[in-house]
There are 2 protein chains.
Amino acid sequence: MEYIVQARNCKDCGNYNLFGKGLIPVLKKINHLGIAVNDLEKAIEIFTKAFNLEVGGIEEVPSQQVKVAFLPIGESRIELLEPTSEDSAVSKFLATRGEGVHHVAFETDCIVDSLKTAEAQGLRLIDKEPRPGAHGTKVAFIHPKSTCGVLIELVEEAAE
Amino acid sequence: MEYIVQARNCKDCGNYNLFGKGLIPVLKKINHLGIAVNDLEKAIEIFTKAFNLEVGGIEEVPSQQVKVAFLPIGESRIELLEPTSEDSAVSKFLATRGEGVHHVAFETDCIVDSLKTAEAQGLRLIDKEPRPGAHGTKVAFIHPKSTCGVLIELVEEAAE
């Protein structure tokens, strides 16, 4: 018996992809770990003093209604997320689950292909198309219902 | 005014440490991310087919009453944890929180110093002394109550 493989080059990244065969794109690394916190200053104190991490930056992200502190660790980073409004998704997370890991971000070379592969495997996409993230990245979220309770963010870094 | 700095060499790793000043040991990377799952086979299917990760190994850890699949990603790995007994801590986690991120493991060059630093900063240690982990590692857990709801594991890899 022969199988026909649906092959194509990704329009977005140019990589050759045996679509649906799971050959590429491979996830490169954990880009970051988003942790929902009630008090950003207190959380920063814990992660810097008790774990000797350094704060790479703090910024407000109005679109997500959060204030974020970035703490690099190896090739990844910890993102401490404090909501700036009661309407923030992080506020709702804190109200129902309390502080803890809010999402896990995986880095991919081609978010378009990664999303298509995820969708072809039946995962429930929150973002069907990538949307602009911080610092020129493209990002998309996948619903935790389809990924063992973990809210997963896919991130494609900006081309250098 | 002068400050006296309590300096010493760590008996365990030999590193010079300005104890309590948070100079060393720095956490090197996210060693792994432990995800509690109800059905290991189904979880492996999601993470391999939808995200193109590969299974590096599957093993039972009788001391933790879990079956674990390791999926390397960059310098880290995902650990999918299925309980093998109702008495497993992962069973209790699943019963109360459902599937999701169970713990985050940070790698350190000296777990003894990392634990002392964490304790000096008032964190609640589950393991006051490191205990043997898989593959010659030393591990210790820190209670999520003191670390923004995140169960943190410290890992020191075996010397090469």
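Shown above is the structure to which this text applies.
Residues numbered from 1 in each chain as written. Chains lettered and ligands numbered in written order. Predicted model: local features only at pLDDT ≥ 70, side-chain atom pairs only at ≥ 80, totals over all residues. Heavy atoms only, no water.

Undergrad: Talk me through the overall build of chain A; I want residue IDs and the actual numbers.
TA: What chain A contains, in helices and strands, is 3 helices and 10 strands. Starting at the N terminus and walking to the C terminus, you meet the elements of chain A as β-β-β-α-β-β-β-α-β-α-β-β-β. In chain A, buried positions account for 49% of the 160 residues. Intrachain contacts of chain A at a sequence separation of at least 6 include 49% that bridge at least 24 residues. (Helix = DSSP H or I, 4+ residues; strand = E, 2+ residues; numbered from the N terminus. Buried < 20%, exposed > 50% of the residue type's maximum accessible area, 1.4 Å probe, protein only. Contact = heavy atoms within 4.5 Å.)

Undergrad: I'd like a rundown of the interface of chain B and chain A, residues and numbers included.
TA: Between chain B and chain A, the contact holds 45 residues from the first and 45 residues from the second. Among the residues of chain B in contact with chain A, F51, N52 and C148 of chain B are the three that bury the most area, contributing 20% of the side total. Counting the contacts that link chain B with chain A gives 0 salt bridges. Across the contact surface, chain B and chain A share 5 residue pairs in polar contact (both at pLDDT 80 or more). Elements supplying a minimum of two residues to the side of chain B that touches chain A: β3 (27-36), α1 (40-50), β6 (76-83), β7 (100-108), α3 (111-120) and β10 (152-156) of chain B. Element by element, the count of residues in the side of chain B that touches chain A is highest for β3 of chain B, at 7 residues. Here the side of chain B that touches chain A is composed, by residue class, of 28 nonpolar, 11 polar and 6 charged. (Buried area = accessible area lost by both parts, 1.4 Å probe. Salt bridge = Lys/Arg side-chain N within 4 Å of Asp/Glu carboxyl O. Polar contact = N/O pair within 3.5 Å; in protein donor to acceptor, adjacent residues only side chain to side chain. Nonpolar A, V, L, I, M, F, W, Y, C, P; charged D, E, K, R; others polar.)

Undergrad: Could you give an account of the packing of aromatic side chains, naming the residues involved and the relevant values?
TA: In this structure the tally under the stated criterion is 4 aromatic pairs over all chains. Each ring, one from F47 of chain A and one from F51 of chain A, has its centre 5.7 Å from the other, and the planes form 50 degrees; the classification is tilted. This pair shows no difference in class: F47 of chain A is buried, exactly as F51 of chain A is. Put simply, the rings of F47 and F51 of chain A together with F106 of chain B touch in pairs and so form one group of aromatic residues. (Phe/Tyr/Trp six-rings, centres within 6.5 Å; stacked < 30°, edge-to-face > 60°.)

Undergrad: Before we move on, can you summarise α3 of chain B with the specific residues and values?
TA: Counting buried positions over the 10 residues of α3 of chain B gives 7, a clear majority of the element. In the stretch just after α3 of chain B, G122 of chain B is the one whose phi turns positive, near 90 degrees.

Undergrad: I'd love a proper account of the sheet that holds strand β9 (residues 138-142) of chain B, names of residues and values included.
TA: Residue and element names in this part refer to chain B. What the 8 strands build is an open sheet, ordered β4-β5-β6-β3-β7-β10-β9-β8; its pairing is mixed. The sheet terminates laterally at β4 (57-61) and β8 (131-132), the two strands that pair on one side only. In this sheet, β9 lies alongside β8 in antiparallel orientation, the contact comprising 2 bridges. Bridging across to β9, P132 finds its partner in K138. (Pairing = 2+ DSSP bridges.)

Undergrad: Can you lay out the relation of the copies chain B and chain A for me, pointing to particular residues and giving the numbers?
TA: One copy of the chain maps onto the other through a rotation about an axis followed by a shift along the same axis. The two copies are related by a screw motion: chain B maps onto chain A through a turn of 180 degrees and a shift of 0.0 Å along the axis, at an RMSD of 0.0 Å. Within this description, the copies of the chain are treated as partners about a two-fold rotation axis. A shared binding surface is used by both copies, with 100% of the interface residues of chain B retained as interface residues in chain A. (Least-squares fit on C-alpha atoms with pLDDT ≥ 70 in both.)

Undergrad: Could you give an account of the pairing of β9 of chain B, with specific residues and numbers?
TA: Side chains on a regular strand alternate between the two faces of the sheet. Residue and element names in this part refer to chain B. Of all 5 residues that make up β9, 4 are buried, and the element is covered over most of its length. As judged from the 5 bridges shared by β9 and β10, these two strands associate in the antiparallel manner. Pairing of F141 across the sheet is with E153, part of β10.

Undergrad: Mind laying out the environment of A140 of chain A, listing which residues take part and the relevant values?
TA: Residue and element names in this part refer to chain A. Its place among the elements puts A140 in strand β9 (residues 138-142). Along the sequence, A140 and G100 sit 40 residues apart, while their C-alpha atoms lie 21 Å from each other. Aside from chain neighbours lying at most four places away, what touches A140 is I111, L115, D127, P130, I152, E153 and L154.

Undergrad: Account for the sheet that holds strand β4 (residues 57-61) of chain A, with residues named and values stated.
TA: Sheets are built from strands that pair by backbone hydrogen bonding, the pairs being arranged parallel or antiparallel. Taken together, 8 strands build an open sheet; the order of strands is β4-β5-β6-β3-β7-β10-β9-β8 (chain A) and the sheet is mixed. Strands with a single pairing partner mark the edges of an open sheet, and in this sheet they are β4 and β8 (131-132) of chain A.

Undergrad: I'd like a description of the pairing of strand β6 (residues 76-83) of chain A, backed by residues and values.
TA: All names here are of chain A. Judged by how many residues are buried, β6 sits mostly within the fold: 7 of 8 residues are covered. In terms of strand pairing, strand β3 (residues 27-36) meets β6 through 5 bridges, oriented parallel. Across the sheet, the residue bridging to I35 is L80, located in β6. The pairing of strand β5 (residues 66-73) with β6 spans 8 bridges and is classified as antiparallel. Bridging from a neighbouring strand, P72 pairs with R77 of β6.

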